[in-house]
Amino acid sequence: MERLLDVLREGLGLTGTKEGCGEGECGACTVLIDGEPTLSCLVPLFQCEGRRIETVEGIAAGPARDFLERFVATGGVQCGACTPGIVITAWALLQRNPAPSREEAREALAGNLCRCTGICGEPDR
Amino acid sequence: MIAAVRPRSLDEAVRHLGEDPALVPTAGCTDLMVRGPEALHRMDRVIDLLGVPELRGIREVEGGIEIGSTTSFSEIRRSAAVRAAFPILAEAATMVGGWQIQNRATLGGNMANASPAGDSLPVLLALDAVVVVAGAQGLREIPYADFHIGYRRTALRPGEIVARVRLPYLPAGAFQAFRKVGTREAQAISKVVVALAGRIEEGRIAELRLAAGSVAAMPVRLRAAEEAVRGQAPGPETADLAGREAAREVTPIDDVRSTADYRRFALERVVRRMVMGIAG
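Residues numbered from 1 in each chain as written. Chains lettered and ligands numbered in written order. Predicted model: local features only at pLDDT ≥ 70, side-chain atom pairs only at ≥ 80, totals over all residues.

Time to look at the environment of Arg272 of chain B. Residues and elements named next belong to chain B. Along the chain, Arg272 turns up in helix α11 (residues 260-276). Along the backbone, Arg272 and Leu40 are 232 residues apart, and their C-alpha atoms lie at a distance of 42 Å. Among all residues touching Arg272, those that are not within four sequence positions of it are Ala239, Asp240, Ala242 and Gly243. (Helix = DSSP H or I, 4+ residues; strand = E, 2+ residues; numbered from the N terminus. Contact = placed C-beta atoms within 7 Å.)

Here's what the structure looks like:
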C-alpha cells in the first residue's frame, strides 16, 4: 500500500517532509490534508485523490515565511528531523488560534516528538 | 499492487462486501498502516469507507445520540452534543494519539480493530452503547457489551461493518468518569484505561457500569465489582471493595508497555479513586 510520505519524498522530491518512526508515533512526517495536520506515513495514496496536500515547502514559500524566520532566529533546530513536522503543526494551530495559550500549544504539539529535547522550548516560539 | 474499492454510498459498500467478504474495510487507516509491510502486502484488497456519507457524523436522535463509524476523534471531541451528554467520550477522544491521529482515527475503526487497549472502548461499555451494523442483509443491532468476543475478535460477521453507534442519554443526575494511565499524556497506548457511569438513588449506588481496557484480551465490563457495590453507599469502603473486586476479576498480561502485576495494581487504584469520586 503506497504511502503519501513516499510519494512526496521519492515520487515528487519534496524531501522537507521527514520519516521519523514510520509508525505514527513521532509527527516528523506531518503534512496538511485539506488544512488538517495529518501523518503522511499513515495515509495510503488512494485516499489523497481530490485532496489539497500542503508540505513544509508549500507553507515556507507562502504565508508562513515570517513564522519560519522566528524558528530560525530562536534556534528551533538542532538535528532538524522533527522541525518540519513541528512547523506544520504549529502553523496549523496558529491558523485556528492566533494567540494560543502555552497549554493549548503544548497539547497541539503533543504528537510531535523531538529526540534532541528541544521540544520543551517549542511552545514558546 | 493494491486495489482500493471506494464506494460512495452504504448500499454500494455492503454490496461490494457481500460479493467479496475478504475486502478489508478501512477508514482513517491509523491502525492498518502500522501492521508492517508484510501484512500490508498480504492484504490484497481494501474498501475505503471514508467516502460513504451515511457512515459519518454525529446526530441527535430520540433518546440519545448516534455517531457514524467513520467519525474522527477530532470531530467527537469538538461536538457540542457529545460534550454535553457524554463528556467522558470527548475526554477519551482527546487521549487518542495526538492531534494528527485524532484527525484521522475513527470511532468505528477503534471498535472494529478491537485492540484491548482501545481508548474509547471502555467508555462505550460504560455508556451501554448499541452498535448498528450494516451488511448485505441490511442493518442489525448488537449491544456493545456483546460486541467484543475475544482477542481482536468481534461479533461482526463476514461482510459486515460498523455503521454507527447509539449512545442512550443517561438519566438526570447520573455520574460518569474516565481515566487513562499511559506513559505520557499524549501519544501513548494505555497501560490501564477505565470508564464508569451510573446513578445514585437515595444515597446508594442504584446502577453502575464499570469497564476497563488493557487488563484482559478485550475491553471488559468489571461485573464482579459492579455487583459488589450495587446498593452500597458511596464512600471509602465501597471504593475499596470495587477496586479489590476489579483487580481480582481481570486477566492482564506482561508486554512491552507494562506488566500484569502493575496493570492489576493500577486498575485497583484507579477504580478505587473513581468510585470514591462518585457524588453521593
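And the narrative resumes.
We now examine the nonpolar core. Residues and elements named next belong to chain B. Residues Val194, Ala212, Leu267 and Val271 are the most contacted members of the largest nonpolar core, which totals 111 residues. Residues from two domains meet in this core; each of domain 1 (3-168) and domain 2 (175-276) gives at least three. Apart from the residues within four sequence positions on either side, Leu267 is in contact with Val192, Val194, Ala212, Val215, Ala246, Ala247 and Val250. (Core = buried A, V, L, I, M, F, W, Y, C linked by C-beta atoms within 7 Å. Buried ≥ 20, exposed ≤ 12 C-beta atoms within 10 Å, placed from the backbone. Domains from an automatic or database assignment.)

Residues and elements named next belong to chain B. Read from one edge to the other, the open sheet built from three strands follows the order β1-β3-β2, with strand pairing classed as parallel. Of all the strands in the sheet, the pair left with one neighbour each is β1 (3-5) and β2 (24-26). Looking at each pair of strands side by side, their axes are set apart by 35° on average, direction ignored. Note that β2 and strand β3 (residues 45-48) share three bridges and pair parallel. Bridge pairing in β3 places Thr26 opposite Asp48. (Pairing = 2+ DSSP bridges. Axes fitted to C-alpha atoms, helices over the stretch in contact; angles between N-to-C directions.)

Between chain A and chain B, the residue contacts involve 19 residues of the former and 19 residues of the latter. Take the side of chain A that touches chain B: its biggest share by element is four residues, from strand β2 (residues 36-39) of chain A. Taken together, the residues that form the side of chain A that touches chain B break down as nine nonpolar, seven polar and three charged. (Nonpolar A, V, L, I, M, F, W, Y, C, P; charged D, E, K, R; others polar.)

Before going further, it helps to examine the confidence of the model for chain B. Mean pLDDT for chain B: 93, with 98% of residues reaching 70 or above. If you check the scores for this complex, the pTM reads 0.94 and the ipTM reads 0.92. (pLDDT = per-residue confidence, 0-100.)

Turning our eyes to something else, we now look at the pairing of strand β7 (residues 138-143) of chain B. Every regular strand shows the same layout, with side chains that alternate between the two sheet faces. All names here are of chain B. Counting buried positions along β7 yields zero of six residues, so the element is predominantly exposed. One ladder, built from six bridges, connects strand β6 (residues 130-135) with β7; its direction is antiparallel. Counted as the bridge partner of Val132 is Glu141 from β7. Where β6 folds back on β7, the antiparallel hairpin that results is connected by two residues.

It is worth spelling out the domain arrangement of chain B at this point. All names here are of chain B. What the domain assignment lists for chain B is domain 1 (3-168) and domain 2 (175-276). Inter-centroid distance (C-alpha atoms) of domain 1 to domain 2 is 24 Å. The partner domain 2 presents 24 residues to the 23 residues of domain 1 that form the contact. The dominant element in the side of domain 1 that touches domain 2, judged by the number of residues it contributes, is helix α8 (residues 121-126), at five residues. Partitioned by chemical class, the residues of the side of domain 1 that touches domain 2 number 15 nonpolar, five polar and three charged.

Before going further, it helps to spend a moment on the sheet that holds strand β1 (residues 30-33) of chain A. Residue and element names in this part refer to chain A. The three strands lie next to each other as β2-β1-β3, forming an open sheet whose pairing is antiparallel. Sheet topology places β2 and β3 (53-54) at the edges, where each strand pairs with a single neighbour. By the bridge criterion, four bridges tie β1 to β2 in an arrangement that is antiparallel. Paired with Thr30 across the strands is Leu39, a residue of β2. Packing of helix α4 (residues 83-96) onto the sheet brings it into contact with β1 and β2, and relative to β1 it is tilted by some 35°.

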